[in-house]
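Okay, here's what each chain looks like letter by letter:
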Protein chains: 2
Amino acid sequence: MAKDSDLLLLENQICFPLYAASRMIIQAYREPLEELGITYPQYLVMMILWEKDGLAVNEIGKKLFLDSGTLTPLLKRLESHNLIKRVRSEEDERKVEIQLTFQGKSMKSKAEKIPSKIMECLNSWDQKSLVNFKSEVNKLVETLNQP
Amino acid sequence: MAKDSDLLLLENQICFPLYAASRMIIQAYREPLEELGITYPQYLVMMILWEKDGLAVNEIGKKLFLDSGTLTPLLKRLESHNLIKRVRSEEDERKVEIQLTFQGKSMKSKAEKIPSKIMECLNSWDQKSLVNFKSEVNKLVETLNQP
DNA sequence: TTTTTTTAAATTGTAAACAATTAAATTTAA
DNA sequence: TTAAATTTAATTGTTTACAATTTAAAAAAA
């Protein structure tokens with residue numbers, strides 16, 4: 001029977017390795033993203049826009065689980081790098097639509113080389129257990145997303 | 001055969017769910033930790049000290065994969081809350097030893113109730129797959145920690 | 001021993017995260 | 001239709017992260 005105090009050991013935590021792994025893998029993105037001049041959270045936004053351009057801030061936020069307090073300054077930074085435009089919607093003036101600029105669209109082809117670079121860090125993992133692991137993490141996100 | 005552009009879809013990323021899960025589970029800690037008046041990274045430091053008091057800043061940093069740029073201000077906050085003392089080492093004056101105060105030690109008993117509260121968020125997971133998942137995440141940390 | 005290198009914290013500056021609040025537009029309800 | 005509630009971004013303030021640099025002390029090399 002585990003004691004309460006055992007559960008307080010770092011090694012027994014589930015959250016800590018998750019927190020560490022998240023930071024480490026974001027770290028792995030740093031070098032390849034530096035060539036594009038963007039950060040990992042900015043890259044996430046760009047990926048969303050490459051998939052579907054013109055989304056509103058809150059729509060991006062829903063996908064990334066981020067609020068305007070985080071996104072507004074981040075989007076302003078992307079705008080100052082001329083990768084996106086922030087356009088007040090005409091149908092609903094509360095909304096701000098995020099549109100890729102030509103430069104923002106062009107960046108996609110460079111970005112396509114990044115995922116395989118990240119995979120290199122994980123080449124000690126076989127494909128199967130990686131796919132399984134990904135689905136487990138996704139399951140965890142689902143679990144934590146419905147309270 | 002997957003195209004490069006497919007790999008740029010958010011849903012195909014391994015890092016994103018990891019990043020999201022990490023933030024969500026830290027979020028789950030927020031409420032219980034609020035009762036103790038500390039944040040999740042501060043809680044990690046306290047856990048380390050409850051296990052072994054008097055560690056130097058860099059020793060804490062090695063365990064958490066954090067540098068002095070992050071830890072110094074965090075530790076100053078813990079000190080201002082009277083949970084720790086920062087003491088310049090006498091044997092090696094470069095080092096600062098972090099010692100729990102009486103209040104810091106006392107907090108442990110309250111903190112012992114936290115892990116089970118977090119587990120409640122995960123009660124849809126059976127014990128076995130949770131243990132397995134934890135070891136997978138740990139394996140990932142190991143992988144990413146040796147380049 | 002003197003010089004060089006390494007190590008440990010702290011500092012500076014930038015970019016997230018996120019709570020809480022605000023302001024404006026839109027919806028819903030009265 | 002008017003008033004109340006909701007939605008959307010933005011803003012303010014605090015705390016992490018982390019790169020890069022600085023300062024001082026200790027260890028290693030000359």
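Reading guide: rules and limits
- Residues numbered from 1 in each chain as written.
- Chains lettered and ligands numbered in written order.
- Predicted model: local features only at pLDDT ≥ 70, side-chain atom pairs only at ≥ 80, totals over all residues.
- Heavy atoms only, no water.
- UniProt positions renumbered as here; feature names shortened; annotations may be inferred.
- Core = buried A, V, L, I, M, F, W, Y, C linked by side-chain atoms within 4.5 Å.
- Buried < 20%, exposed > 50% of the residue type's maximum accessible area, 1.4 Å probe, protein only.
- Helix = DSSP H or I, 4+ residues; strand = E, 2+ residues; numbered from the N terminus.
- Contact = heavy atoms within 4.5 Å.
- Buried area = accessible area lost by both parts, 1.4 Å probe.
- Salt bridge = Lys/Arg side-chain N within 4 Å of Asp/Glu carboxyl O.
- Polar contact = N/O pair within 3.5 Å; in protein donor to acceptor, adjacent residues only side chain to side chain.
- Phe/Tyr/Trp six-rings, centres within 6.5 Å; stacked < 30°, edge-to-face > 60°.
- Lys NZ or Arg CZ within 6 Å of the ring centre and 35° of its normal.
- Least-squares fit on C-alpha atoms with pLDDT ≥ 70 in both.
- Near = heavy atom within 4 Å.
- Nonpolar A, V, L, I, M, F, W, Y, C, P; charged D, E, K, R; others polar.

As annotated in an unreviewed UniProt entry, chain A carries the name HTH-type transcriptional regulator SarZ and comes from Belliella calami. For the record of chain A, the UniProt heading Sequence similarities (unreviewed entry) holds the text "Belongs to the SarZ family."

Counting residues in each nonpolar core, the largest one holds 102 residues, and the members touching the most others are Y40 and Y43 of chain A together with Y40 and Y43 of chain B. Ranked by residues supplied to this core, first place goes to helix 2 (residues 15–36) of chain B with 13 residues. Beyond its immediate stretch of four places on either side in the chain, Y40 of chain A contacts I26, Y29 and L33 of chain A together with C15, F16 and Y19 of chain B.

The subject of this paragraph is the interface of chain A and chain B. Between chain A and chain B, the contact holds 56 residues from the first and 56 residues from the second. The largest per-residue losses of area from chain A upon contact with chain B belong to L8, I14 and M24 of chain A, which jointly make up 13% of the total buried on that side. The interface formed by chain A and chain B holds 0 salt bridges in total. Summed over the shared surface of chain A and chain B, the result is 10 residue pairs in polar contact (both at pLDDT 80 or more). Counting only elements with at least two residues in the side of chain A that touches chain B, the list comes to helix 1 (15–36), helix 2 (40–51), helix 3 (57–64), helix 5 (102–111), helix 6 (114–121) and helix 7 (127–144) of chain A. When residues in the side of chain A that touches chain B are grouped by element, the largest group, 13 residues, is from helix 1 of chain A.

For the rest of this paragraph, the subject is the packing of aromatic side chains. By the definition in use, this model includes 15 aromatic pairs over all chains. Aromatic side chains Y40 of chain A and Y19 of chain B sit 5.8 Å apart centroid to centroid with 80° between the ring planes, which places their arrangement in the edge-to-face category. Taken together, the positions of Y40 of chain A in helix 2 and Y19 of chain B in helix 2 put the pair across two chains. Of the aromatic side chains, those joined through ring pairs into one cluster are F16 and Y19 of chain A together with Y29, Y40, Y43 and F65 of chain B. The cationic tip of R23 of chain A hangs over the ring face of Y19 of chain A; the distance from NZ or CZ to the ring centre is 4.7 Å.

Moving on: the relation of the copies chain A and chain B. For the pair chain A and chain B, the best superposition has an RMSD of 0.0 Å and corresponds to a rotation of 180° with a translation of 0.0 Å parallel to the axis. As the rotation angle and translation indicate, the two copies are arranged about a two-fold axis. Taken as a fraction of all interface residues of chain A, those also at the interface in chain B reach 100%, which identifies the copy contact as same-surface.

As a further point, take the protein's contact with DNA strand C. The full set close to DNA strand C counts 28 residues, and Q42 and R77 of chain A together with Y19, Q27 and R86 of chain B are the nearest of them. Counting only the atoms of DNA strand C within 4 Å of the protein, the fraction contributed by sugar and phosphate is 79%. Measuring from a phosphate oxygen of DNA strand C, one finds a side-chain N or O atom of K76 of chain B at 2.7 Å. Those elements that place two or more of their residues in the surface near DNA strand C are helix 2 and helix 4 (68–80) of chain A together with helix 2, helix 4 (57–64) and helix 5 (68–80) of chain B. Taken together, the residues of the surface near DNA strand C sort by class into 8 nonpolar, 9 polar and 11 charged.

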